[in-house]
Amino acid sequence: VRRAIAYSIDKENIVSSIFHNKCFTSSFPLDYGNWLSQGQDVSNGYHLEQAKQVLVDNGWVYRSRSWQKTENRKTQAITLSLLVRASDSSKVAVAENLKQQLEDQGIKINVVQASDEQYNNSINAKKYDIALCSMTLSPSPNLATYFEQGNLANYSNEEVSTIMNEVKNTTDEQILKEKYTKLSEIYKTDFPYISLYNNKYIVAYNSSLVGEITPNWFYQFYGIEGWYK
């Protein structure tokens, strides 16, 4: 179901309709300029037919405008609560957008607008179906919050745990890139989290400045040693 939800979300719709294209869509926590990221997934994971096929392959049937499954003579539909901080108007707008998109695909969503205290308590206790969160990433790529023991989603994958231990013990850039590429591949298969968008950062510079000017989110002056006028 997580995979189907990920394939059902049009992130471009969120970025354009709510943020007026002032954000980038994201498919992995290290997207947008991190030196270990191998670039954006141009499709951003949006694939409605693939979403439907995933559900069909796992025994779900689409009827009465919802995905349903019957087990032990009991029929259940995919109905999930989406937790959002009520005081964050942009996040509430995103939550309502997600609700509309997913319900158009037969996945029922109940948006729960929680007070700051209720939201924090639910996050800390991990009592939610889906939670809309913001993450502030440091310049040093550390995915422990997402993948190590006690992570936000209670996500567990033996291969991921092995990779996380391996990247702690190496400074070899080529090995790090290979390991993080593998992490990205596993992430886009398991979807323990669904990355939606990143903020844009803009650097203004004199038009006479020459060189490879490629600022990114972790260092606006990346490559400054090669700039000249």
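Rules used throughout
Residues numbered from 1 in each chain as written. Predicted model: local features only at pLDDT ≥ 70, side-chain atom pairs only at ≥ 80, totals over all residues. Heavy atoms only, no water. Core = buried A, V, L, I, M, F, W, Y, C linked by side-chain atoms within 4.5 Å. Buried < 20%, exposed > 50% of the residue type's maximum accessible area, 1.4 Å probe, protein only. Helix = DSSP H or I, 4+ residues; strand = E, 2+ residues; numbered from the N terminus. Contact = heavy atoms within 4.5 Å. Salt bridge = Lys/Arg side-chain N within 4 Å of Asp/Glu carboxyl O. Pairing = 2+ DSSP bridges. Axes fitted to C-alpha atoms, helices over the stretch in contact; angles between N-to-C directions. pLDDT = per-residue confidence, 0-100. Arc of directions from axis to C-beta. Parallel < 35°, antiparallel > 145°, perpendicular 65-115°, else oblique. Left-handed = near helix turned anticlockwise from the far one by under 90°.

A. Structural context of the nonpolar core. Within the largest apolar cluster, 30 residues are counted, with the highest numbers of intra-cluster contacts made by Ile-14, Val-94, Leu-98, Leu-132, Leu-196 and Tyr-197. Of all the secondary-structure elements, those providing two or more residues to this core are α1 (2-8), α2 (11-19), α3 (48-57), β5 (79-85), α4 (89-104) and β6 (108-114). Considering each element in turn, this core owes the most residues, 5 residues, to α4. Leu-132 has contacts with Leu-82, Leu-83, Val-84, Lys-91, Val-94, Ala-95, Leu-98, Tyr-119 and Leu-196, leaving out every residue within four places of it along the chain. Counting 17 residues, the second largest nonpolar core, distinct from the first, contains Leu-143, Tyr-146, Leu-176 and Tyr-187.

B. Region of interest: the pattern of salt bridges. Enumeration over the complete set of coordinates arrives at 8 salt bridges. Lys-99 is paired through a salt bridge with Glu-103; the nearest N and O atoms lie 3.2 Å apart. Taken together, the positions of Lys-99 and Glu-103, both in helix α4 and 4 residues apart, correspond to about one turn of that helix. For Lys-179, the salt bridge goes to Glu-166, with nearest N and O atoms at 2.8 Å. Here the residue Lys-179 occupies a position in helix α8 (residues 173-190), and Glu-166 occupies one in helix α7 (residues 158-168), the gap between them amounting to 13 residues. The exposure class of Lys-179 is partly exposed, given its relative accessible area of 25%. Several salt bridges share partner residues, and in doing so they unite Glu-159, Lys-182 and Glu-185 into one network.

C. Representation of the sheet that holds strand β2 (residues 61-63) within the structure. An order of β2-β3-β4 is seen for the 3 strands of this open sheet, with the pairing classed as antiparallel. Unpaired on one side and paired on the other, β2 and β4 (74-77) mark the two borders of the sheet. Averaged over all pairs of adjacent strands, the angle between strand axes in this sheet comes to 40°, irrespective of strand direction. Here 4 bridges tie strand β3 (residues 66-71) to β4, and the two strands are oriented antiparallel to one another. Note on β4: the bridge partner recorded for Glu-71 is Lys-74.

D. Summary view of the confidence of the model for the protein. With 89% of its residues at a pLDDT of at least 70, the protein reaches an overall mean of 87. When mean pLDDT is compared element by element in the protein, β6 scores highest at 98, while helix α6 (residues 144-147) scores lowest at 84.

E. Looking closely at the environment of Val-54. Locating Val-54 in the fold gives a position in helix α3. Separated by 47 residues in sequence, Val-54 and Tyr-7 place their C-alpha atoms 9.4 Å apart. Ignoring sequence-local partners within four residues, the contact set of Val-54 consists of Arg-3, Ala-4 and Tyr-7.

F. Highlighting α3. Taken together, the buried positions of α3 are Ala-51, Val-54 and Leu-55. Projected down its long axis, α3 carries its buried residues within an arc of 95°, all on one side. Residues of α3 that are exposed and angled more than 90 degrees away from the buried face: Glu-49 and Asp-57. Here the buried face of α3 lies against α1 and β3. After α3 finishes, the residue Gly-59 shows a positive phi value of roughly 90°.

G. Summary view of the packing of α2 against α4. Packing of α2 against α4 leaves a shortest axis separation of 10 Å and a crossing angle of 135°. The pairing of α2 with α4 is recorded here as oblique in orientation. Helix-helix and strand crossings are classified by hand; for α2 and α4 the assignment is right-handed. Of α4, the residues touching α2 (which contributes Asn-13, Ile-14, Ser-17, Ile-18 and Phe-19) are Ser-90, Ala-93, Val-94, Asn-97, Leu-98 and Gln-101.

H. How the structure looks around the sheet that holds β5. Ordered by their spatial adjacency, 3 strands build an open sheet running β6-β5-β7, and the pairing between neighbours is parallel. Because the sheet does not close on itself, it has two edges, and the strands there are β6 and β7 (130-131). Pairing analysis gives 7 bridges linking β5 to β6, with the strands arranged parallel. Each bridged residue has a counterpart across the sheet, and for Leu-83 the counterpart in β6 is Val-112. Across the sheet, α4 lies against β5 and β6, angled at about 170° from β6, the strand it touches most. In the packing of helix α5 (residues 116-125) onto the sheet, the strands contacted are β5, β6 and β7, and the crossing angle to β5 comes to about 125°.

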